[in-house]
Amino acid sequence: MKRFFYILVFALLSSYIASAQRTVIDFNNNWKFWLGDTSIAKEPGYSDNDWRALNLPHDWSIEGEFSEKNPGTPNQAALPTGIGWYRKTFTLPATAAHQNVSIEFDGVYRNSEVWVNGHYLGKRPNGYISFGYDITQYIDSGAAQQVIAVKVDNSLQPNSRWYTGSGIYRSVRLVLTNKIAIDQWGTFITTPNISSSIAMVHIQSTINNNSGQLGHGSLNTYIYDASGKLVSKGYASLHGAPGWPTGKAAYTYTAAINKPILWSVENPYLYKAVTRVLVNGKVVDEYATQFGIRYFDFDVQKGFSLNGKPMKILGVCMHHDLGALGAAVNVRAMERQLQILKDMGCNAIRTSHNPPAPEWLDLCDKMGFLVMDEAFDMWHKKKNKFDYNIDFDQWHKQDLEDQVKRDRNHPSVIIWSIGNEIREQFDSTGIPLTKELVSIVKALDTTRPVTSALTETDTTKNFIYQANALDLMGMNYNQQLYPDFLQKYPGKKFLATETMSALASRGHYDLPADSMRFWPLKGQKFVENGNPDYTVSAYDNVAAYWGSTHEQTWRIIKQYEFLSGLFVWSGFDFLGEPVPYPWPARSSYYGIIDLAGFPKDAYYMYQSEWTSKTVLHLLPHWNWQSGREVDVWAYYNNADEVELYLNNRSLGIRKKQPLDFHVQWRVKYEPGTLKAVSRKNGKIVSTKTINTTGEPAKLEIVPDKRILHADGKDLSFITVRIVDKNGNLVPAADNKITIEIVGMGALAGMDNGYPASMESFKAASHKAYNGLCLAIIQSKAAAGSIQVKFTSPGLPPVNIVLQTQ
Ligand code: GAL
């Protein structure tokens, strides 16, 4: 009981990340939601008693059923969209009466409109941008309770080339400050001079003064290292500075850090700057900013280097969805995706094709990823009738400025992208627009290069190129041109902003492995060349015709120093864009990792190339018809050779030649055990076996964690493996799994990674796909145990227990 009391106190306190001067209130809990349009809901007196109670972040699309009739076509995962309303009734702390109150949204898809106590605050069309409103003047000081109402309108379809989600799908917070305070995103920290003995820290603080009073003031920034030790101080006087005392004014000052520890992907070391605003001797605000000290360079000849060390950008493109959880932001789900990528050796991510959630950038800072932070997928010229083209004119300046202001302190962010495959490449309007967008970025940050992901390689036809305003030439696909890049584009710095578009279904193999397929073949529609069960072979031999296999483009990038790196399309499968198949396919095949987070085979090709971990990965499964000729592949590293054995008979030794990324044997199938042994200098490095399996006999349950935070947010990702009586994964098993949960957790979603599954992500039953199924359990906000029971017809049930604390 006592423990429970402390946990409760802690939970209450931690939702107020407070100092006396500034109170940041997590505003995600206890909202009401209504799917439909009801304009009177903006009135404070409206009764929302029959609305659904929920916590944000929330994505109503992911809760729906797949249907061909949904206007958000299979390209957007064929899930429902429409209009929804959110309301929240809240009380303010007593201090609010003398303070400034603002509300901050990290992202609402899309066309949000916000009212406080019936007063209209504004509309924000862009679904990926963070924004805020000062609501001080709309607070009803006489009323005990205040009401906020948010309308979200995602009804005009189609408006995207991928799944967007619908709703307030990112975090919301309420910020209370004094009348003199640091502005939203009001610090900008750069480290222009770095040596091993000292790093200069430039701090720009923007003060917002609503007090109307003059005073003697100062800014004092205390810099702490990762252990919390004070390592430096910076100071600026506010008195007499321009803009003071009313309105917004920016002050620049410096601090120095001795023997700085640099941020890198291997050692993502972070400092914290705490800025105190003092007026007439009193601290009126305190504002913390995390930053890192690092320098990097793109060189025409030598490619990319970080902190003076040459390295390749080994990146992937990611959309923002979290598979079965949809677009609703969850820190643990994002962290899991990043961990799986990190384990593969990936060191960079492109946020295709929009700004990410701020917590996601925090994770990249902390975990050590480089980020290409992208703004737009279109400018004026549309890709879909109702996409951002309709808002571009009015909003692009503010949206881009807000993105840069919000994200420019993150050490992970190293590149700004002003757009992906923008149609204005092909039109002379591309010249002035490119110049304008680049200058918007440069006015706020000159420390990072600006790029755009281009497809038109003929410079006479590419008007974005002709603007001559980009720092980096971002090229999507066109890998055959990379070796001659320096001759074709003299003096330009190269980055492969998007590559591959290889296709695969996890665990599905079409034979033979060496017949290449590019989709679509000449004169065919995508689907005509496909399999009736909407599968694509996972030998790395299938790709969209504009792309390549994983090995093909990597082979080119690896060879040339000036090719600074690549972003593979895509890291994970994502919702929508189910190329090559039409409905009922509804999620992508492009991922190195499937939608549920299970790696496909190509994952191990990258791991063998991009990490120094010892890899020996063998494919395919070993359940075939007797006599069938089966291609067996092995990805390996840290060894000179691999020998393959079938039922203890050697099938020969294979060695990779330079620029080979796998070895292969063609084997006449017989049931039994396939064993690969890798050796270096004759000594065994690794062994891998795959057995022919029997029928499904049991469920093997593998949670990624058993102890969860009792915060109502934490997740356990539980892999269900369908195995035979000897524990071998049954390759084609599609048994239906049902889950029952009692206690301090609830089901957040189920998935199996199959892109044409019509099962709802939210249902408590889901089929396995090629032997695997995923269940995601979310903690409740109280300590206790979670009993989870898995059942499947014909197999013994399995119970496991998780804890929240
Ligand atoms: C690219 C585009 C991506 C995705 C990909 C699929 O051209 O930038 O968003 O559509 O193709 O191959």
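This text follows the structure it describes.
What counts and what doesn't
Residues numbered from 1 in each chain as written. Predicted model: local features only at pLDDT ≥ 70, side-chain atom pairs only at ≥ 80, totals over all residues. Heavy atoms only, no water. Helix = DSSP H or I, 4+ residues; strand = E, 2+ residues; numbered from the N terminus. Buried < 20%, exposed > 50% of the residue type's maximum accessible area, 1.4 Å probe, protein only. Salt bridge = Lys/Arg side-chain N within 4 Å of Asp/Glu carboxyl O. Pairing = 2+ DSSP bridges. Near = heavy atom within 4 Å. Polar contact = N/O pair within 3.5 Å; in protein donor to acceptor, adjacent residues only side chain to side chain. Areas by Shrake-Rupley, 256 points an atom, 1.4 Å probe, with all protein chains shown as cover. Nonpolar A, V, L, I, M, F, W, Y, C, P; charged D, E, K, R; others polar. Expected span 1.5 Å × (residues − 1). Arc of directions from axis to C-beta. Phe/Tyr/Trp six-rings, centres within 6.5 Å; stacked < 30°, edge-to-face > 60°. Lys NZ or Arg CZ within 6 Å of the ring centre and 35° of its normal.

(A) Local environment of unusual backbone geometry. Cis rather than trans, the peptide bond between Gln157 and Pro158 has omega equal to -5 degrees. Relative to the helices and strands, Pro158 is located in the loop between strand S10 (146–154) and strand S11 (172–177). Positive phi, normally seen in glycine, also occurs at Asn681, with a value near 45 degrees. Inspection of the secondary structure assignment puts Asn681 in the loop between strand S37 (673–680) and strand S38 (683–691). By relative accessible area, which is 69% here, Asn681 ends up exposed.

(B) Region of interest: the pattern of salt bridges. Under the defined criterion, the tally for this structure stands at 40 salt bridges. Glu286 is paired through a salt bridge with Arg276; the nearest N and O atoms lie 2.8 Å apart. Pair noted here: Glu286 is in strand S18 (residues 282–291) and Arg276 is in strand S17 (residues 271–279), with a separation of 10 residues, a long-range link. Judged by relative accessible area, Glu286 falls into the partly exposed class, the value being 26%. You can call Arg276 partly exposed: its relative accessible area is 24%. For Glu643, the salt bridge identified is with Arg679, shortest N-O distance 2.9 Å. A residue pair is termed long-range when its members are at least 10 positions apart, and Glu643 in strand S34 (residues 641–646) and Arg679 in strand S37 qualify at 36 residues. Its relative accessible area of 12% is what places Arg679 among the buried residues. Via salt bridges that share partners, Arg161, Asp377, Lys383 and Glu577 belong to a single interconnected network.

(C) Region of the structure containing the pairing of strand S6 (residues 100–105). A large share of S6 lies buried, amounting to six of its six residues. Along S6, one buried face is formed by Asn100, Ser102 and Glu104 and the opposite face, lined by Val101, Ile103 and Phe105, is buried too. Across six bridges, S6 lies against S11 in antiparallel orientation. Considered in S11, the bridge of Asn100 is made with Thr177. Where S6 lies against strand S9 (residues 131–134), four bridges are found, and the strand directions are antiparallel. Residue pairing for S9: Glu104 is matched across the bridge by Gly132.

(D) A look at the site of the ligand. In the vicinity of the ligand, the residues found are Arg161, His353, Asn420, Glu421, Tyr477, Glu498, Ser501, Trp546, Trp569, Glu577 and Tyr590. The separation between an oxygen atom of the ligand and a polar side-chain atom of Asn420 is 2.9 Å. Ser501 is positioned with one of its side-chain polar atoms (N or O) 2.5 Å from an oxygen atom of the ligand. Here the ligand, which alone exposes 310 Å², has 93% of that area covered by the protein. Tallied by class, residues from the shell around the ligand come to four nonpolar, three polar and four charged.

(E) Spotlight on helix H5 (residues 430–444). Here H5 contains 15 residues, and its C-alpha end-to-end distance of 22 Å stays within 8% of the 21 Å for a straight helix at 1.5 Å per residue. By the burial criterion, the buried members of H5 are Gly430, Leu433, Thr434, Leu437, Val438, Ile440, Val441 and Leu444. In an axial view of H5, the angular spread of the buried residues amounts to 150 degrees, which keeps them on one side of the axis.

(F) View of the sheet that holds strand S21 (residues 309–310). Read across the sheet, three strands follow the order S19-S20-S21 without closing on themselves; strand pairing throughout is antiparallel. Either end of the sheet is taken by a strand with one partner, and the two such strands are strand S19 (296–299) and S21. Relative to S21, strand S20 (residues 303–306) runs antiparallel, the two sharing two bridges. By the bridge assignment, Leu306 is partnered in S21 with Lys309.

(G) Broad picture of the packing of aromatic side chains. This structure, assessed with the given rule, holds 40 aromatic pairs. Taking the centre distance of 4.6 Å and the plane angle of 55 degrees together, the rings of Tyr606 and Trp610 count as tilted. Taken as a pair, Tyr606 and Trp610 lie in helix H9 (residues 602–610) at a separation of four residues, close to a single helical turn. Of the residues examined, Trp610 reaches a relative accessible area of 9% and is grouped as buried. A cation over a ring is seen here: Arg276 above Tyr222, with NZ or CZ 4.9 Å from the ring centre. Sitting above the plane of the Tyr465 ring, Lys492 keeps its charged end 5.3 Å from the centroid.

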